[in-house]
Structures are given as C-alpha cells and as structure tokens.
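Fold and contact review
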Amino acid sequence: MGKNDKDVNVDNIEREILKNLGRQVGEMESGNVADYDPDHTKQNVSYDEAAYEGSYEGKESRRKDSRKDGGSGENRRKNSKKDTGSGDSRKKENRKDAGSGDDHKKDAQKKNTRKDGMSRNREIVIISYISIALFVGMIIYLVNFLASDNTDMLSNPYNKLQSLLEEYTIRGNILSSDGQVLATTEVNSKGKEVRKYPYGRMFAHAVGYSGNGKTGIESQYNIYLLKSGINPIDKAVKELRGEKCTGDSVVTTLDSGIQKIAYDALGSHRGAVLVMDPDDGSVIAMVSKPDFEPGKIASDWKNLVKLGGDSVLLNRATQGLYPPGSTFKLITMIEYMREHPDYASFEYNCKGTTEIDKVTVNCHNKKSHGKLNIYTALAQSCNGAFATMGMKLDIGSFNKTCKSLLFNKKLPYEGVYNQSVFNLPEGSNAGLVTQTSFGQGKTMITPLHNGLIACMVANGGCLVTPHLAASVQSAGGTTLKEFSYSKGKRLLSKKEVSELRKAMKEVISSGTAGSLAGRPYKVYGKTGSAEYDSSGESHAWFIGYAKKGDKKVAVSIVVEGAGTGSEYAVPIARKIFDAYY
C-alpha cells in the first residue's frame, strides 16, 4: 500500500470519527440527547458535513471544537447534574402531585363528611320541627279540652283530678233559679269543711248529696263545683297564703217555690212529681218520696241501707219504673191513627165490660161509658175501646212506634235514670195485646219518660233534653258558663199533635180530669190508674200541660198505691198549675 493509500485510509478514518463526533456534538448542542442515534438510523444533523472535509483548518477547527466540546461535556455533566436535580425536583413535584392526590381524597372525604353532616342536620331539623308541632298541638288540645264542656268525663268518680281539686278548692254552692242556696260548704271551728243543705229533704234527690259518694247535681256537675273562677290575683294571693279558693256555683233550673208546692202536695205519699218547661226541657221541680236528710247522709247511712226495701235513696222521678196505666193510651192512639187514616170514624159502645177473643176486659169499676169516638174514648179512659183498637194493630208496627218514642232506648238525659220497657212480641196472645193497649201488660215507664211525652204534645211534637243546670257562676257572681238547650228531633207530626191535644182537652172538659176545668189557664192531660198487683191496687197517674198565653208548663205525676189518677194525681197538678200562673 502506498503513502497516499495510507493517508487516504487515515483521512477516511479521521473523517469518520470527526463525522460521528460532529453528529454527537450537533445533537448535544441541539438538545436532542434523547434522540441520539448511534446506528445512524436517523439523520438529525444540525451542521454542514461538507464544510469540514478537505481542509486542515477545518480539521484543526474541529479539534478545537472537540476540546471545547470536552469542556462542554463538563458543562453537560453539570447540566446533567442540574437535570438530575431537575429530576429530583420532578420527583418532588410528583410527590407533591401525589400529595395533591391525597389532598383531593381528603377534600372528597371532607365533602362527603359535610354532606353526611348536612344530611344528619336536616334530619335533626325535621325531627325538631315535628316535635315542636306535636308539642304545640298538645298545648292547643289541652287548652281546648279545658275550655270545652267535659262534664261526663271529669265528673267521673274515678277521675283523680277531682280529689286533687278538692285539696285546693272549697266546694261551690248550688243555687235555685230564684237565687236560693240549696247546698253550700261551711268551715267549722276545727277547720273542717261541712256540706250543708238549707232546704233539707225537699231537694234531697234532685240536688243529691256529697259524702259517702255523690248523687244528683252534686255528682252530675261536680267538676264545676270544684273549679274556681275567682279573680286570678285573689287566687294567687290565696295560694301563696296556703288558703283554699272558693269553688264556682251551679245555678239550677229548679224553682224553690214550685218545688215546695210539689213537695207539700205529694205529702206523705210515695211517688214522684216532675215539672218541666216543655220548650227547652228545664226541670222546674223534681220531687221523690220517701226521701232522706242529705246533710246527715254519713251518720244515717246504716239506717238508710237497712231501709233498702223502701228504696229511700232511689230517685223515683228518673229511676222509678211503673206500669203506665191509662197514660199509655196516648201511644195506642198514635199507633191507631198511623195505621188507620179513617180513625175519626172510630166508634165503640162501652157497656163497662167486654169479651175479646175469650179475654174479658173491664173498665174501672165496670163503669159503662156508652157510645164513644176516639176522642171521648180517651177522655173517659175506656179500657174496652182501646183493647178493641189494640186488636186491630200490627204488632211489628206497634213496636217500631214505641221504639221511636224512646221505649227500650236511651233518653236524652245526663243524670242517672232507667230505660222504659215495651214488651209485646210478634204472635202475642189476645190477653197480652189487649192489656198492653190500655197500659198494663209488661210495659213499664219512668215519670221522666212520661213527662217527655207530655212535653212533645205541648211543644208541637219535638223531643227536648231534660236538664237541671242553667249556668255556672264564680263566687263573685260572674257568669262563667251558660247551658243552652233547644227542641230536638220531631217525633210526632203536627197532625198527630193536633189530634192528641183535641183528645187531651176532652179529658179536662168532660173526662176524668174535670177538676182542672174552668181554671184561668188551659189544661191538656191524661189520667191513669195503673194496677201493679193481682189484688187490683193501683198507682195514680197524671201527665199533661197547662198554657196561658205563650207560657207553658208540663207535669208528670205518679202517686204509688193511691188508686185513681183523678183522685190523687190531678189535685197535685192543679196546685202546681195554680202556683205557676
């Protein structure tokens, strides 16, 4: 190989080296270290290779550049360290980013926690509102409850509120409609409260007693007597002093004057007298005998119990059950008119006794009444005529009529009473049908119920609510509550009322209650003699009403074992009517 060949080879080798080095330098200077391609698969050259070939200066220049590049290499190492530092920074940044991710998680958790907290808060708020609403509702209910009339519940003897009120209240007074004191509480020298009854026995069953239990008004309106409506300041002062407040007074519908007339008129007889306002049901007088001394109920209790056979404690006006006798003929007449539109043409010739389906029916003392129509039959109280009517009645319809007139049903009375009884089954024999038709048989009635029937005729056919209380007053006389009652459901038609009045007027003008004729007031009534045993002994009845102008008063009177109504019951009615008008 010649020199030139050698030189060429050296030059070629040198050129190759320089080319590679230049490529590397170019790539390093151009910042494409990451793109360095030792296999020359990429042509990322950033300089002109031809500019370095064929000249010595180029070679020297490249040597110098190479040295410079060496220095640059140092710089590159420094830069590499910087880059390494930058990597650390990136790691730190990555850690920051990772930390940032954790922060995002924490933020999300916080948001979820806040959401859960808000949800729980919302539930708490809702529950709170519901609780407040329930509490307010309870307050409103209690206010309305205390403001409303809860006599039935609060007056229940098992209600513990009563015993609590007794510890703070002196029992209030019971007054008559004309201002008389019927019951009051006095405190004796020993500080003991004693219940007093100024009229004694006269109002015994109506007013009742307080001690060994309670009855009458003392029981029925007990809660009002234990409340105190005195001035709040006076009440507060008394409470601070440990003193009892004075209870409210119950003003009754009872008239002390009429009560005395009725009480005296009944005399020594057993029985009951009830006087009522037929338009609103106010009880003006209520007498029951035998009676008792209400102020001595505790000391006399053993003796009263021993006299149980006399039923001394029984209020006969509301609880006494008696055969209605001829007063029931009003009910039979109503049923006959309903079933027989031609009732005005009814005729019967009374001979004092008659036989119906082998059953003998006698009038009182077998007296012959002669020819009768439906009005005179009632006026003369003819048993034969009403027995004949009864046999023409549909028993099922008869039962419905009696039920509609409150037999075997509750009465609209808030006190203690017994239900009247009508018992005439379908298929009953002639004996029971005829007996029932003129007020015997198995029918039983209270004076209270019979009084309501008289009131219906008087007021035009409407049921009223019998009651004993008119108002409640504070100890200072301020009216706290008024009891108001009006006519109730119509049970008799206007035509029926008109026909009954016509017949009941005949009872006075030409019938069994003739002693009431010629008075300065009009009277409508029906007498009755109700047999109660096989010996023929009977109770005396009278029910009816008197009218003068717009003023009306109804009565229901029964005198036990006295005989006929005309002899014993009618005179009592006359005394009451005379006193009333």
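Residues numbered from 1 in each chain as written. Predicted model: local features only at pLDDT ≥ 70, side-chain atom pairs only at ≥ 80, totals over all residues. Heavy atoms only, no water.

Counting secondary structure elements, the protein chain contains 19 helices and 17 strands. Going through the 581 residues of the protein chain one by one, you find that 42% of them count as buried. Expressed as a percentage of contacts within the protein chain between residues at least 6 apart in sequence, the contacts between residues at least 24 apart total 65%. Working note: accessible area of the protein chain is about 30,400 Å², and carbon and sulfur atoms make up 51% of it. (Helix = DSSP H or I, 4+ residues; strand = E, 2+ residues; numbered from the N terminus. Buried < 20%, exposed > 50% of the residue type's maximum accessible area, 1.4 Å probe, protein only. Contact = heavy atoms within 4.5 Å. Areas by Shrake-Rupley, 256 points an atom, 1.4 Å probe, with all protein chains shown as cover.)

Pairing within the open sheet is mixed, and its six strands lie in the order S4-S3-S2-S6-S13-S14. In this open sheet, the two strands that pair with only one neighbour each are strand S4 (193–196) and strand S14 (479–482). Of the pairings in the sheet, the one linking strand S6 (residues 249–252) to strand S13 (residues 469–473) comprises four bridges and is antiparallel in character. The residue bridging Ser249 from the neighbouring strand is Gln473, located in S13. (Pairing = 2+ DSSP bridges.)

Time to look at the pattern of salt bridges. Oppositely charged side chains may form a pair once their charged atoms are brought near each other. According to the stated counting rule, one finds 12 salt bridges in the structure shown. Here Lys244 makes a salt bridge to Glu193, at a shortest N to O gap of 2.8 Å. Of this pair, Lys244 sits in the loop between helix H8 (232–241) and strand S5 (245–246) while Glu193 sits in strand S4, and the two are 51 residues apart along the sequence. The salt bridge partner of Arg195 is Glu218, with a shortest N-O separation of 2.9 Å. With Arg195 in strand S4 and Glu218 in helix H6 (residues 216–220), the pair connects residues that are 23 residues apart, well separated along the chain. Both residues of the pair, Arg195 and Glu218, belong to the buried class. (Salt bridge = Lys/Arg side-chain N within 4 Å of Asp/Glu carboxyl O.)

Here the focus is the packing of helix H14 (residues 383–391) against helix H16 (residues 430–437). Here H14 crosses H16 at 125 degrees, and the two axes come no closer than 8 Å. Considering the angle they form, H14 stands oblique to H16. As for how H14 packs across H16, the hand of that crossing is right-handed. Taken together, the residues of H16 that come into contact with H14 (itself represented by Phe386, Ala387, Gly390 and Met391) are Ala430, Val433, Thr434 and Ser437. Class assignment of the residues belonging to the contact of H14 with H16 gives a composition of five nonpolar, three polar and no charged. (Axes fitted to C-alpha atoms, helices over the stretch in contact; angles between N-to-C directions. Parallel < 35°, antiparallel > 145°, perpendicular 65-115°, else oblique. Left-handed = near helix turned anticlockwise from the far one by under 90°. Nonpolar A, V, L, I, M, F, W, Y, C, P; charged D, E, K, R; others polar.)

This part takes up a nonpolar patch on the surface. Taken together, the side chains of Val125, Tyr129, Ile132, Phe135, Val136, Ile139 and Ile140 make up a nonpolar region of the molecular surface, amounting to roughly 690 Å² of accessible area. Summarising the element assignment, Val136 is placed in helix H2 (residues 56–147). Since its relative accessible area comes to 41%, Val136 is described here as partly exposed. (Patch = residues over 30% accessible without salt bridge, like charges linked within 9 Å, V, L, I, M, F, W, Y side chains within 5 Å.)

Right, let's talk about helix H12 (residues 329–339) for a bit. Of all the 11 residues making up H12, nine are buried; the element is thus mostly covered by neighbouring parts of the structure. Those residues of H12 lying buried are Lys329, Leu330, Ile331, Thr332, Met333, Ile334, Glu335, Tyr336 and Met337.

So, on to the sheet that holds strand S7 (residues 271–276). As summarised here, the arrangement of the five strands in space is S8-S7-S17-S16-S15, forming an open sheet in which the pairing is antiparallel. Single-partner strands in this sheet number two, and they are strand S8 (283–289) and strand S15 (522–531). Adjacent strand axes in the sheet meet at a mean angle of 5 degrees when their direction is disregarded. Bridging between strand S16 (residues 538–548) and strand S17 (residues 551–559) involves nine bridges; their strand directions are antiparallel. From the neighbouring strand, Tyr545 faces S17, where its bridge partner is Ala554.

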